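The residues making up each chain are set out below.
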Amino acid sequence: MRWADLLVLLHAAPYRLVAFPFAALFHHLCASGHLSLTARYIFLLVGGCLLAGIAMGSYAVLLLIPVAGSVLILLSVSPAHAHTWVFALQMFWQTLCHLGLSSQEMDPQDARPAIALSAIMLLTQKATSLALDIHEGLVPLQLGQGLLQRALPLYSYLLFFPALLGGPLCSFSRFQAQIESCGALPHPLRAAGQRCLGAVALQGLRAGLAGGLASRQGCAGLGCLPHIWAQALLLRLAYYVHWVLDEALLEAAGFTPEVGQGDLSIHDLWTLETTHRLAVFTRTWNKSTSRWLRRLIFQRCPVQPLLATFAFSAWWHGLQPGQVFGFLCWAVMVEADYRIHPFLSAWATCQGVKLLYRGTTWVFTQLIVAYILVAVEIESFSMLCLLWTSCSSILPLSYSLALLLLLLAKNHRIIKWFGLEGTLKII
C-alpha cells in the first residue's frame, strides 16, 4: 500500500485537507475575539466561494445559481409558500444538472463535475431544511433589518466552507447559535485530529481489502456472494472515511453536531456492521440524510410514505438505472424486514434458537445490504441486468416472496375477522 493512497481518500478529500488550516484559523480568530459576528459570516461565505472555485472550477456556477435563487425566494416569498418554491427550484435545477452532466462525455480523471453534483445535493438538503424551518416558524426572518443583514446569514449558511463538500446536515438555528458562540469549544483540533486518524485507519483497512479483492478475480454462481459482499464493504468503508473527514473539518472550525446527530460515531459504526435488522441499518446509515428524508417526505406523505421516501431518494441521487432499482428494492426489503422479524422472533424462544436466528438474519442483512449498495452504484442498464439475473438476487427475491406471503396471511386473518369467507366463495 502506498502512502499516497492514504491521502487521496476520495475525489474531494484533498480539498477538505486544504480547508483544514482555514477552519482552524477561523476558530482561533473567533476564540481570540478578532472577528465580529458579521465578519464571521463573511469569512465562512468567502471561504465557501473560494473552495467551490478551487474544487469545481467553472462548474461552481452550477452551485452558485441555485444558492442565489433560494435566498431570493426566502426573502421575497411568504413563509407559507417558501418551502414549496425552494423545493421546486432545487429539485428542478439538481435534476437538470444530473441529466446534463451524465449525458456528456466527461474525462474520467476530471472529478470537478462529480464534486459539483455532490455539493448541489447537499445544498438541496440545507435549502429545503431552512425553508421548512421558516415555514414551521422555527426560524423567524428579521423583517426589520436591512436586506444585506437578512441575506448574509442565509448565504453563509448555504455556502459555509466546512460543510460545502460534505455533511452532516446542520440546522440553520444551530448554525447561527454556533456562529455566535464560536470559540467556546475547547481544543477542537484534538477532536478533529482523532477523527482524521480514524479516517486514515479506515482507509488503510479499505486499501488492504481492495488489494486482497484484486488478487481474487473471477467467480461463478453462489461463489460470487462473498465477492459482492467484499465490494459492498469497500463502498461502505469509503463512505465511512467520507463522513469522518467531514465531521473532522466541522470540528476544526468549531462546529460540532449535536449528540447522536452526526453521520458516524463509534456506536453507529458498530451498529451498522453488527445489526441483524435491515431497518436498523437503514436508520443508522447516513443519519443526517435519513432524518432529512423522514422530515421532508416520510412525515408529509399521506400514502405509502416508505415507498415515497425511497423513490424520492432515488430522484435526489440522480435517477440512474441502478439507483432507481436499488432504492425501490431497498424500500421493499425494509418493509419485509418490518414484517419478517416479528414473525421469526416469536419462534425463537430458547437461547440456542435465538442465536441461530440472530446469526442467520445478520448474514442475510449483510448480503442484502451488499446487493443494494452494488446495485445503486451501477450506471448502465446492461450491468444491472447481469446483477438481476445473478445468484445474488436469491435473497432479495426470497424476502419479497416472504413479504407477499405475510401480507396474504394478514389479509386472510382480516377476512376471517369480518366473516367474509362465504362472500368470497360466492364471488
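Residues numbered from 1 in each chain as written. Predicted model: local features only at pLDDT ≥ 70, side-chain atom pairs only at ≥ 80, totals over all residues. Heavy atoms only, no water.

1. Here's the deal with the overall build of the chain
No. 1: Secondary structure summary: the chain contains 19 helices and zero strands in total.
No. 2: Expressed as a percentage of its 427 residues, the buried residues of the chain come to 44%.
No. 3: In the chain, of all internal contacts separated by at least 6 residues, the share reaching a separation of at least 24 is 77%.
No. 4: With an accessible surface of roughly 21,300 Å², the chain has 68% of that area assigned to carbon and sulfur atoms. (Helix = DSSP H or I, 4+ residues; strand = E, 2+ residues; numbered from the N terminus. Buried < 20%, exposed > 50% of the residue type's maximum accessible area, 1.4 Å probe, protein only. Contact = heavy atoms within 4.5 Å. Areas by Shrake-Rupley, 256 points an atom, 1.4 Å probe, with all protein chains shown as cover.)

2. Details of helix H15 (residues 321-347)
No. 1: Helix length check: H15 (27 residues) gives 39 Å between terminal C-alpha atoms against 39 Å at 1.5 Å per residue, within 8%.
No. 2: At Ile340, H15 shows its largest kink, close to 25°, and the proline Pro342 lies no more than four residues downstream. (Expected span 1.5 Å × (residues − 1). Bend = angle between axes of the 7 residues up to and from the residue.)

3. Quick word on the packing of helix H3 (residues 37-56) against helix H7 (residues 147-159)
No. 1: Relative to each other, H3 and H7 sit at 40°, their axes nearing to 8 Å. It follows from the interaxial angle that H3 and H7 lie oblique. Of the two elements, H3 crosses H7, and the hand of that crossing is left-handed. Note on element contacts: H7 touches H3 through Leu152, Pro153, Tyr155, Ser156 and Leu159, opposite Thr38, Tyr41, Ile42, Leu44, Leu45, Gly48 and Cys49.
No. 2: Taken together, the residues that form the contact of H3 with H7 break down as nine nonpolar, three polar and no charged. (Axes fitted to C-alpha atoms, helices over the stretch in contact; angles between N-to-C directions. Parallel < 35°, antiparallel > 145°, perpendicular 65-115°, else oblique. Left-handed = near helix turned anticlockwise from the far one by under 90°. Nonpolar A, V, L, I, M, F, W, Y, C, P; charged D, E, K, R; others polar.)

4. Comments concerning the nonpolar core
No. 1: In this structure, Phe26, Met56, Leu63, Phe175 and Phe255 are the most contacted members of the largest nonpolar core, which totals 62 residues.
No. 2: Looking at this core, the elements that each hand over two or more residues are helix H2 (13-31), H3, helix H4 (60-76), helix H5 (79-102), helix H6 (112-135), H7, helix H8 (172-180) and helix H10 (224-252).
No. 3: It is H6 that provides the largest number of residues to this core, a total of 10 residues.
No. 4: With near-sequence residues (within four places) excluded, Phe255 lies in contact with Phe26, Leu44, Phe160, Phe175, Gln178, Ile179 and Leu250.
No. 5: Among the nonpolar cores identified, the runner-up in size contains 44 residues, and Ala13, Leu373, Leu395 and Leu403 belong to it. (Core = buried A, V, L, I, M, F, W, Y, C linked by side-chain atoms within 4.5 Å.)

5. A closer look at the side chain of Ser313
No. 1: Residue placement: Ser313 occurs in helix H14 (residues 305-317).
No. 2: Among all residues touching Ser313, those that are not within four sequence positions of it are Leu293 and Phe327.

6. Considerations on a nonpolar patch on the surface
No. 1: Nonpolar side chains collect at one region of the surface, where Ile42, Val46, Leu50 and Ile54 lie side by side and expose about 370 Å² of accessible area between them.
No. 2: By the element assignment, Ile42 lies in helix H3. (Patch = residues over 30% accessible without salt bridge, like charges linked within 9 Å, V, L, I, M, F, W, Y side chains within 5 Å. Salt bridge = Lys/Arg side-chain N within 4 Å of Asp/Glu carboxyl O.)

7. Looking at the environment of Thr360
No. 1: In this fold, Thr360 is placed in helix H16 (residues 351-377).
No. 2: Between the alpha carbons of Thr360 and His276 there is a distance of 8.2 Å; along the sequence they are 84 residues apart.
No. 3: Within polar-contact distance, the side chain of Thr360 engages the backbone oxygen of Leu356 at 2.7 Å. (Polar contact = N/O pair within 3.5 Å; in protein donor to acceptor, adjacent residues only side chain to side chain.)

8. Some thoughts on the packing of aromatic side chains
No. 1: Evaluated as defined, the whole model comprises 26 aromatic pairs.
No. 2: Centroid distance Tyr157 to Phe175: 5.4 Å. Interplanar angle 55°. Geometry classified as tilted. In this pair, Tyr157 sits in helix H7 while Phe175 sits in helix H8, placing the two residues 18 residues apart along the sequence.
No. 3: With a relative accessible area of 0%, Tyr157 lands in the buried category. (Phe/Tyr/Trp six-rings, centres within 6.5 Å; stacked < 30°, edge-to-face > 60°.)

9. Considering the pattern of salt bridges
No. 1: Counted by the stated rule, this structure contains 10 salt bridges.
No. 2: Between Arg295 and Glu136 there is a salt bridge; the shortest N-O distance is 3.0 Å. Of the two residues, Arg295 is situated in helix H13 (residues 287-296) and Glu136 in the loop between H6 and H7; the sequence distance between them amounts to 159 residues.
No. 3: Residue Glu136 is classed as partly exposed on the basis of its relative accessible area of 41%.
No. 4: Its salt-bridge partner being Asp268, residue Lys287 comes within 3.1 Å of it at the nearest N-O pair.

10. Description of the confidence of the model for the chain
No. 1: Averaged over every residue, the pLDDT of the chain is 85; residues scoring 70 or more account for 87%.
No. 2: Low confidence marks residues 1-9, where pLDDT is under 50. Its contacts with residues over four positions away, or in another chain, come to 13 contacts.
No. 3: Contacts for the low-pLDDT stretch residues 417-427, under 50 throughout, to residues beyond four places or in other chains number four contacts. (pLDDT = per-residue confidence, 0-100.)

11. Quick look at the environment of Ala13
No. 1: Inspection of the secondary structure puts Ala13 in helix H2.
No. 2: Looking at Ala13, the relative accessible area reads 1%, which means it is buried.
No. 3: Considered as a pair, Ala13 and Val241 are 228 residues apart in the sequence and their alpha carbons are 9.4 Å apart.

12. A word on unusual backbone geometry
Glycine aside, residues mostly have negative phi angles, and peptide bonds mostly take the trans form.
No. 1: One non-glycine residue with positive phi stands out, namely Gln304, at about 45°.
No. 2: Classification of Gln304 as exposed rests on a relative accessible area of 54%.
No. 3: Positive phi, normally seen in glycine, also occurs at Leu319, with a value near 65°.
No. 4: Within the element layout of this structure, Leu319 appears in the loop between H14 and H15.

13. Topic: the packing of H5 against H6
No. 1: Across the interface, H5 lies against H6 with an axial gap of 8 Å and an inter-helix angle of 170°. Here H5 lies roughly antiparallel to H6, going by the angle between them.
No. 2: Of the residues that constitute the contact of H5 with H6, the class distribution is 18 nonpolar, seven polar and no charged.

14. Here we look at H8
Owing to its 3.6 residues per turn, the α-helix brings residues three or four apart onto one side.
No. 1: Taken as a whole, H8 has its buried residues at Phe172, Phe175, Gln178 and Ile179. Each buried residue of H8 lies within a common arc of 130° when the element is viewed along its axis, so the set occupies one face.
No. 2: Residues of H8 that are buried make contact with H2, H3, H6 and H7. (Arc of directions from axis to C-beta.)

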